[in-house]
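Single-letter residue listing:
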Amino acid sequence: MGAVVGGWIGGAVFGTGVSEFWSLSSWLLAILGALIVLVVWGFISRAISRK
């Protein structure tokens, strides 16, 4: 899921995406996307647990 989010962000912001598996930019975008997914999931789960 992180790679999908990272590829989408890379395409929207930088005009690049996840093109090759062994590309450094692909890995960085995938890691960035995974971090964003984890942060969003943390906010959602925290909001659900407070109810």
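Each remark here, short or long, concerns the structure printed above.
Residues numbered from 1 in each chain as written. Predicted model: local features only at pLDDT ≥ 70, side-chain atom pairs only at ≥ 80, totals over all residues. Heavy atoms only, no water.

What exactly am I supposed to notice about the overall build of the chain here?
The number of helices and strands found in the chain is two helices and zero strands. Buried residues in the chain amount to 20% of all 51 residues. Summed over all atoms, the accessible surface of the chain reaches about 4100 Å², with 75% contributed by carbon and sulfur. (Helix = DSSP H or I, 4+ residues; strand = E, 2+ residues; numbered from the N terminus. Buried < 20%, exposed > 50% of the residue type's maximum accessible area, 1.4 Å probe, protein only. Areas by Shrake-Rupley, 256 points an atom, 1.4 Å probe, with all protein chains shown as cover.)

Got a minute to help me understand the environment of glycine 6 in this structure?
In this structure, glycine 6 sits in helix H1 (residues 2-14). Judged by its relative accessible area of 0%, glycine 6 is buried. Residues glycine 6 and alanine 30, spaced 24 residues apart in sequence, show a C-alpha to C-alpha distance of 4.9 Å. If we ignore the near neighbours within four places in the chain, the residues touching glycine 6 are Leu29 and Gly33. (Contact = heavy atoms within 4.5 Å.)

What am I meant to see in the environment of glycine 33 here?
Turning to its location among the elements, glycine 33 is positioned in helix H2 (residues 24-50). Sequence separation of glycine 33 and isoleucine 9 is 24 residues, and the distance between their C-alpha atoms is 7.7 Å.

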